[in-house]
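Coordinates in review
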Amino acid sequence: MLYLAQVRKNDFLDQHQLRLLARQEADNLWAIIPEEAFILLGKGKIMSENLLVLVELSPTGDIERIEDATNWVLYLVQSYLTIGITPEFLQHEAERAEHWRQSLTLQNQDLARRSLELEARREQIQALEESLKREKNAYPQEES
């Protein structure tokens, strides 16, 4: 699983550790880790303190890969923040999409109702045509 973490110095153990900040839940969905969770890097692994990193952990919690998160953060800034995508903007767009969905649902219901009405009228016309044919056949017109 992929995590965003910050490198910290554990003075008591005299080694660096990673403070897990967020966890990737899906491709574009991350969850903040509210409690403090740390993973020791081990002696001899020295990284700049406060550096943000992306760390991939195995199911057993072992570090499989660590990389500097600078490019990832810059990608997020470039992709979302330079065009004004804010939480408020996303909320507004979600509300617009919901209104649009509701409008389409109402239009679809109206079309379905109209379709049923047209079908009923078509059946009435067919019944009338059949009735007129029967009457015509029951009272044949005289030939002159």
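Notes on the structure follow. (Residues numbered from 1 in each chain as written. Predicted model: local features only at pLDDT ≥ 70, side-chain atom pairs only at ≥ 80, totals over all residues. Heavy atoms only, no water.)

Okay, the sheet that holds strand S4 (residues 52-57) next. Across the sheet, five strands lie side by side as S3-S2-S1-S4-S5; this open sheet has antiparallel pairing. The open sheet has two free edges, formed respectively by strand S3 (29-40) and strand S5 (63-68), since each of these has just one partner strand. Each neighbouring strand pair of the sheet contributes to a mean axis angle of 30°, computed without reference to strand direction. Of the strand pairs in this sheet, strand S1 (residues 2-10) and strand S2 (residues 15-26) are connected by eight bridges, and their pairing is antiparallel. (Pairing = 2+ DSSP bridges. Helix = DSSP H or I, 4+ residues; strand = E, 2+ residues; numbered from the N terminus. Axes fitted to C-alpha atoms, helices over the stretch in contact; angles between N-to-C directions.)

To continue, consider the pairing of S1. With respect to burial, S1 is a largely interior element, seven of its nine residues being buried. Between S1 and S2, which pair antiparallel one after the other, the connecting turn spans four residues, and aspartate 14 there sits at a positive phi close to 55°. (Buried < 20%, exposed > 50% of the residue type's maximum accessible area, 1.4 Å probe, protein only.)

Residues Tyr3, Ala5, Val7, Leu18, Leu20, Ile33, Ile39, Leu41, Val53, Val55 and Leu57 constitute the largest nonpolar core, which totals 11 residues. Of all the secondary-structure elements, those providing two or more residues to this core are S1, S2, S3 and S4. With six residues, the next largest nonpolar core counts Leu2, Leu4, Leu21 and Ala22 among its residues. (Core = buried A, V, L, I, M, F, W, Y, C linked by side-chain atoms within 4.5 Å.)

The next subject is the pairing of S3. Bridge count for S2 against S3 is eight bridges, and the pairing is antiparallel. What sits directly across from glutamine 17, in S3, is leucine 40. Adjacent in sequence and paired antiparallel, S2 and S3 are bridged by two residues.

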